[in-house]
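Here's the letter readout for the chains.
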Amino acid sequence: MMQTTINREFRMTGMGLHTGRTVTVAVKPAPADFGIAFRRIDRINIFTQPALANNVGETSRGTTLGSGRHSIATIEHLMSALHGMQVDNVLVEMDGGEVPILDGSARPWLLQLHRVGVRQLDVERRFFTVSEPIHFEHPATDSSYDVEPLDHFAVNCTVDFPNSVIGRQEAILNNMDEYAAGIAPCRTFVFLHEIEPLLHLNLIKGGSLDNALVFVNKELSSRSLRRLGKTFHKDPSQFRVHDGVLNTTEPYFPNEPARHKLLDFVGDIRTTGVLIKGFFKIYKPGHKANVAFAKFLIDYIANHS
């Protein structure tokens, strides 16, 4: 099987989830063995950062390449779409420091990739095929990852939010043919009690009820509704809570949070820099644990190739 890139460049403009700043992203074809890399063009000293786990500098509420003035935040949804479409080589140029959140899923990126199309290059694709069971634990987040031999990439993802309206959920990706319909549209989510602390941390400035599911664990007081109205710039009377979701939009799937966590994992695991054939069983994944696991796999692959 040969490596791939996209047929032609495409651009997307939108607001960053955490910075609230408008950024234009240009995704460009790249030659074989280039990989996936990001570049900020709004800096005087422009340099290219390969999208590899060893280059990740921050994993709080997203996956960030680098650090400081040249960092590139929230790459996971675009990375997920590239992995879902089996695109091996692209250069992503940005005029800001955060990939736009768009609708909170990978679907807008996937639609653009479908629109421009993918073409084969003249160099063989590199796979790593899991030949024996692999186990990894991340005690700080109570996350665990197991991989079994399989002739293609597949994931079983379990999330566990005790004492919440989400609870324990499972999502399964049997193969990448299921990605576009079953995983890519699933939106990011947050608990209502997390919103104000995130705002105090100068985060989620670009968040809204249009690009995130907000889960509510308790009945909202009139005071809470007024505060939410101010946060989301809406009339408090417009807010509704249905099945624990503060939104005018119904979840696409009963297990959309688990599916979104699987979406994030598909993006984060691509930072190994290689496509992996194996059945992944993951428990309580998150960006911090995903990236730690990707770093573990980079070393594992280097010692087993």
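Rules behind the numbers
Residues numbered from 1 in each chain as written. Predicted model: local features only at pLDDT ≥ 70, side-chain atom pairs only at ≥ 80, totals over all residues. Heavy atoms only, no water. Helix = DSSP H or I, 4+ residues; strand = E, 2+ residues; numbered from the N terminus. Rg over C-alpha atoms; globule rule 2.2 N^0.38 Å. Contact = heavy atoms within 4.5 Å. Areas by Shrake-Rupley, 256 points an atom, 1.4 Å probe, with all protein chains shown as cover. Lys, Arg positive; Asp, Glu negative; His and termini not counted. Charge placed at Lys NZ, Arg CZ, Asp CG, Glu CD. Phe/Tyr/Trp six-rings, centres within 6.5 Å; stacked < 30°, edge-to-face > 60°. Buried < 20%, exposed > 50% of the residue type's maximum accessible area, 1.4 Å probe, protein only. Lys NZ or Arg CZ within 6 Å of the ring centre and 35° of its normal. Pairing = 2+ DSSP bridges. Core = buried A, V, L, I, M, F, W, Y, C linked by side-chain atoms within 4.5 Å. Axes fitted to C-alpha atoms, helices over the stretch in contact; angles between N-to-C directions. Left-handed = near helix turned anticlockwise from the far one by under 90°. Nonpolar A, V, L, I, M, F, W, Y, C, P; charged D, E, K, R; others polar. Disulfide = S-S within 2.5 Å.

*Asks:* Requested: an account of the overall build of the protein, with residues and values cited.
*Replies:* Looking only at helices and strands, one finds seven helices and 19 strands in the protein. Its C-alpha atoms give the protein a radius of gyration of 19 Å, near enough to 19 Å, the size a compact globule of 305 residues would have. Across the protein, the fraction of contacts at a sequence separation of at least 24, relative to all contacts at a separation of at least 6, is 74%. Surface summary for the protein: the accessible area is close to 14,100 Å², and the carbon and sulfur share equals 49%. Charge-centre separation for the protein: the mean point of 32 positive side chains lies 8 Å from the mean point of 33 negative side chains.

*Asks:* Could you give an account of the packing of aromatic side chains, with specific residues and numbers?
*Replies:* Here a ring pair, both rings aromatic, is described through the centre-centre distance and the interplanar angle of the planes. In this structure the tally under the stated criterion is 16 aromatic pairs. Plain terms: the ring middles of Y145 and F293 are 4.5 Å apart, the flat faces sit at 20° to each other, and that makes the pair stacked. In this pair, Y145 sits in strand β12 (residues 143-148) while F293 sits in helix α7 (residues 287-304), placing the two residues 148 residues apart along the sequence. On the basis of an interplanar angle of 80° and a centroid distance of 6.2 Å, the ring pair of F280 and F293 is categorised as edge-to-face. Of this pair, F280 sits in strand β19 (residues 275-283) while F293 sits in helix α7, and the two are 13 residues apart along the sequence. Take F280: its relative accessible area is 1%, and that puts it in the buried class. Overall, the relative accessible area of 0% leaves F293 in the buried class. Members of the aromatic cluster, connected to one another through ring pairs, are F128, F136, Y145, F153, F265, F280, F293, F296 and Y300. Between K277 and the ring centre of F127, over which it is positioned, the NZ or CZ distance is 4.5 Å.

*Asks:* Can you lay out the side chain of T63 for me, pointing to particular residues and giving the numbers?
*Replies:* Turning to its location among the elements, T63 is positioned in the loop between β6 (56-58) and β7 (64-65). Excluding residues within four positions of it along the chain, T63 makes contact with V56, E58, I72, A73, T74, I75, E76, D268, H287 and V291.

*Asks:* Which residues make up unusual backbone geometry, and what values do they have?
*Replies:* Even without being a glycine, D33 presents a positive backbone phi close to 70°. As for its position among the elements, D33 is in the loop between β3 (22-29) and β4 (36-40).

*Asks:* An account of the pairing of strand β13 (residues 153-161) is needed here, citing residue identities and associated values.
*Replies:* Burial analysis of β13 places seven of its nine residues in the buried class, the great majority of the element. Of the pairings in the sheet, the one linking β13 to β19 comprises six bridges and is parallel in character. Counted as the bridge partner of V155 is F280 from β19. Relative to strand β14 (residues 167-173), β13 runs antiparallel, the two being bridged by seven bridges. Within the sheet, the bridge partner assigned to N156 lies in β14 and is I172.

*Asks:* So what's going on with the sheet that holds strand β15 (residues 189-191)? Which residues, and what values?
*Replies:* Strand order in this open sheet of four strands is β15-β16-β18-β17, and the pairing throughout is mixed. Strand pairing shows two members of the sheet lacking a second neighbour, β15 and β17 (241-242), which therefore form its edges.

*Asks:* So, the pairing of strand β11 (residues 134-138): which residues are in play, and what are the values?
*Replies:* Where burial is concerned, the two faces of β11 differ: the one with I134, F136 and H138 is buried and the one with H135 and E137 is not. Bridging between β11 and β12 involves five bridges; their strand directions are antiparallel. Paired with E137 across the bridge in β12 is S144. Connecting β11 to the next strand, β12, in antiparallel fashion are four residues, including D142 with a positive phi near 60°.

*Asks:* Report on the nonpolar core, specifying residues and quantitative values.
*Replies:* F38, Y179 and F280 are the most contacted members of the largest nonpolar core, which has 63 residues in total. Ranked by the residues each element gives to this core, the list is headed by α7, at eight residues. Look past the residues within four positions of F280 in its chain and what remains in contact with it is D146, V147, F153, A154, V155, N156, F265, I269, F293 and L297. Core analysis: the next-biggest nonpolar cluster, separate from the first, contains eight residues, V190, L192, I195 and L228 among them.

*Asks:* Help me get a handle on the packing of helix α6 (residues 256-268) against α7, residues and values and all.
*Replies:* Two elements in contact, α6 and α7, have axes separated by 10 Å at closest approach and are oriented at 35°. The interaxial crossing formed by α6 with α7 has right-handed handedness. For the pair formed by α6 and α7, the contact residues are D264, F265 and D268 on the first element and H287, N290, F293 and A294 on the second. Taken together, the residues of the contact of α6 with α7 break down into three nonpolar, two polar and two charged.

*Asks:* Give me the state of the cysteines: which residues, what numbers.
*Replies:* All told, the structure shown has zero disulfides when counted by the stated rule. Unpaired in this structure, C157 has its nearest cysteine sulfur neighbour in C186, at a distance of 11 Å. Residue class for C157 comes out buried when judged on its relative accessible area of 0%.

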